[in-house]
Amino acid sequence: GRGINADDGEFQTFQHYFKQINLRMLAAQPASRLKNFGVNLWAEFSSLANEHKATNIGQGFPDFAVPDFLQEEVKEAVAKPSANWYTRAAGHPRLVKALSDEFSPLFGRSIDPMTEVTTAVGAYEAIYAAITAFINPGDEAVVIEPHFDCYAGDMDMCGGKLVRVPLRPNGDGTVAKNWTLDRKEFEEAFNDRTKLLITTTPHNPVGKMFTEEELEFIGGVCAKHNVIIVTDEVYERVVFQGSKHVRIAALPGMWERTITVGSIGKSFSVTGWKVGWAIGPAPLITQLQHVTSCTTFTAPTLLQEASAGAFEREARVKGTPDSYFDWLSGKLEDNCRKLADAFSHIGCVPVWPDGGYFMLVDTAPMGWDFTNENTGRCYDVDCVKWLTREFKLATIPISVFYGDRNRHLAAKYIRVCCAKSDATIDKACQIIRSLKKA
């Protein structure tokens with residue numbers, strides 16, 4: 001309880017100790033696997049949005065209220081002593097059972113909850129675990145571009161190389177389903193060093209949902225090269241009218257080589273819960289469990305318990321007006337239509353998505369010019385910062401979802417998020433309609 005005097009020998013020893021610690025820290029250099037890491041793009045644009053108190057339709061977090069039934073699940077869970085303890089490392093028993101019950105019919109097989117399902121701290125960790133479990137230094141993974149940024153970071157952490165194959169507009173580029181792969185280019189991306197394919201459907205940021213025929217082609221190439229598929233399907237519950245979510249793991253011969261990743265956060269609009277999962281054959285899932293046992297050990301028991309209750313409740317109300325998944329798809333499609341109409345009104349060209357949280361918008365027809373900014377960054381980055389600063393509208397640039405070689409393909413596109421409250425969507429549409437061409 002006493003203060004320390006600067007002349008006190010104890011203080012001098014204490015001070016000397018921390019000087020030595022600082023010297024050692026200065027002498028240490030960051031690991032080479034961190035060389036490609038800089039300012040996190042989400043931190044950069046989130047900070048800018050907060051600084052200017054902008055209406056945020058950029059980042060993929062729902063800002064509407066948590067549904068009453070989920071709040072009740074949390075209240076019930078916290079009252080259970082066991083829900084506040086450590087749980088099974090590979091997944092809370094009630095949750096993995098609920099996931100098995102939910103996904104077995106969707107995959108057309110009986111999924112063993114104890115060996116073919118594992119939970120993680122969000123889909124983010126599940127993807128990290130999948131990449132870390134199978135990539136050695138020098139190995140390669142093919143990824144469909146544009147892609148979520150964490151795939152590249154995870155590969156860097158493992159010393160692997162990401163080989164990017166882009167989606168390109170084919171014909172009418174104003175609909176996401178027409179953004180397709182060049183099949184020859186895709187096949188040529190695979191070689192003896194390729195260990196993984198990383199893909200996303202519904203796609204972030206394009207909003208494309210791959211058709212069964214497209215996934216059969218993709219799966220066939222992976223089978224030919226004996227490659228494991230990591231499919232990020234966190235947006236699977238948001239399917240717009242006329243579209244269908246096809247699971248590649250459910251196609252003939254694909255289960256044995258596929259890890260399917262999902263998320264409570266995106267399924268039930270609670271992104272801060274950070275509860276994710278991976279589903280696949282036991283020999284693959286076991287390897288992910290080895291990774292997570294050395295990182296987080298287990299996702300929060302309380303939220304896994306509440307998540308299980310949410311899935312059980314959804315199973316009871318499936319096909320009724322009380323279905324949350326049906327409500328979510330309809331709500332986000334309505335939001336997307338409002339944003340698309342507002343952008344179309346001023347001359348921008350929205351790319352209508354098949355599903356998911358996001359929509360691309362081509363700003364090229366506006367004739368905006370940011371060359372005088374002299375930032376050295378891509379047009380879309382300057383555009384997004386300008387919209388945030390001058391109009392208090394936060395969006396996300398698309399170039400950050402590309403590697404250097406293909407960044408030009410979406411030079412004047414921005415990404416907007418439809419998973420927002422009525423108030424946010426209405427305010428965003430008001431701002432959009434006030435924008436003018438150059």
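If you're wondering where the values come from, they're calculated on a predicted model, not measured in any experiment.

### What to know about the packing of aromatic side chains
Okay, step 1: Applying the stated criterion across every chain yields a total of 26 aromatic pairs.
Okay, step 2: Taken together, a centroid distance of 5.0 Å and an interplanar angle of 45° make the contact between Phe268 and Phe325 tilted. Here Phe268 is found in the loop between helix 9 (264–267) and strand 9 (276–279), whereas its partner Phe325 is found in helix 12 (residues 324–346), with 57 residues between them in sequence.
Okay, step 3: The interplanar angle of 55° and the centroid separation of 5.3 Å between the aromatic rings of Phe370 and Tyr379 together place this pair among those described as tilted.
Okay, step 4: Tyr379 gets classed as buried once you look at its relative accessible area, which sits at 15%.
Okay, step 5: A cation sits over an aromatic face here: Arg313 above Phe69, 4.0 Å from the ring centre.
Okay, step 6: Between Arg415 and the ring centre of Phe358, over which it is positioned, the NZ or CZ distance is 3.6 Å.

### Observations regarding unusual backbone geometry
Okay, step 1: For the peptide bond that leads from Glu145 to Pro146, omega is 5°, which places it in the cis range.
Okay, step 2: Within the fold, Pro146 resides in the loop between strand 3 (140–145) and helix 6 (150–158).
Okay, step 3: Cis geometry marks the peptide bond from Thr201 to Pro202, where omega comes out at -5°.
Okay, step 4: One non-glycine residue, Lys53, lies in the positive phi region at around 50°.
Okay, step 5: Position of Lys53 among the secondary structure elements: in the loop between helix 2 (41–51) and strand 1 (55–56).
Okay, step 6: By relative accessible area, which is 72% here, Lys53 ends up exposed.
Okay, step 7: Despite not being glycine, Lys274 has its phi angle at roughly 55°, a positive value.

### Observations regarding the packing of helix 4 (residues 93–107) against helix 11 (residues 301–317)
Helix packing geometry: the angle between the two helix axes and the distance between the axes.
Okay, step 1: Their axes nearest at 8 Å, the elements helix 4 and helix 11 cross at an angle of 25°. When the interaxial angle is binned, helix 4 and helix 11 end up roughly parallel. Pair helix 4 / helix 11 crosses with left-handed handedness. Counted together, Arg94, Leu95, Ala98, Leu99 and Glu102 of helix 4 and Gln304, Glu305, Ser307, Ala308, Gly309, Phe311 and Glu312 of helix 11 form the full contact between these two elements.

### A look at the packing of helix 5 (residues 122–134) against helix 6
Okay, step 1: Look at helix 5 against helix 6: their axes get within 9 Å of each other, and the N-to-C directions meet at 40°. One finds that helix 5 runs oblique with respect to helix 6. As for the relative orientation of helix 5 and helix 6, their crossing is right-handed in sense. The segment helix 5 lies against helix 6, with Tyr124, Ile127, Tyr128, Ile131 and Thr132 engaging Cys150, Tyr151, Asp154, Met155, Met157 and Cys158.
Okay, step 2: Split into classes, the residues belonging to the contact of helix 5 with helix 6 amount to nine nonpolar, one polar and one charged.

### So, the nonpolar core
Okay, step 1: If you look at the biggest cluster of nonpolar residues, it comprises 132 residues, and the most contacted ones within it are Phe186, Ile218, Phe268 and Leu339.
Okay, step 2: Top element by residues in this core is helix 12. It accounts for 10 residues.
Okay, step 3: Beyond its immediate stretch of four places on either side in the chain, Ile218 contacts Ile144, Leu181, Phe186, Leu197, Phe210 and Ile248.

### Regarding the pairing of strand 2 (residues 117–120)
Note on strand geometry: in a regular strand, side chains alternate between the two faces of the sheet.
Okay, step 1: Alternating positions in strand 2 separate into two faces, Val117 and Thr119 on one and Thr118 and Ala120 on the other, with burial throughout.
Okay, step 2: With four bridges connecting them, strand 2 and strand 9 associate as antiparallel partners. Residue pairing for strand 9: Thr118 is matched across the bridge by Ala278.

What counts as what
Residues numbered from 1 in each chain as written. Predicted model: local features only at pLDDT ≥ 70, side-chain atom pairs only at ≥ 80, totals over all residues. Heavy atoms only, no water. Phe/Tyr/Trp six-rings, centres within 6.5 Å; stacked < 30°, edge-to-face > 60°. Helix = DSSP H or I, 4+ residues; strand = E, 2+ residues; numbered from the N terminus. Buried < 20%, exposed > 50% of the residue type's maximum accessible area, 1.4 Å probe, protein only. Lys NZ or Arg CZ within 6 Å of the ring centre and 35° of its normal. Axes fitted to C-alpha atoms, helices over the stretch in contact; angles between N-to-C directions. Parallel < 35°, antiparallel > 145°, perpendicular 65-115°, else oblique. Left-handed = near helix turned anticlockwise from the far one by under 90°. Contact = heavy atoms within 4.5 Å. Nonpolar A, V, L, I, M, F, W, Y, C, P; charged D, E, K, R; others polar. Core = buried A, V, L, I, M, F, W, Y, C linked by side-chain atoms within 4.5 Å. Pairing = 2+ DSSP bridges.

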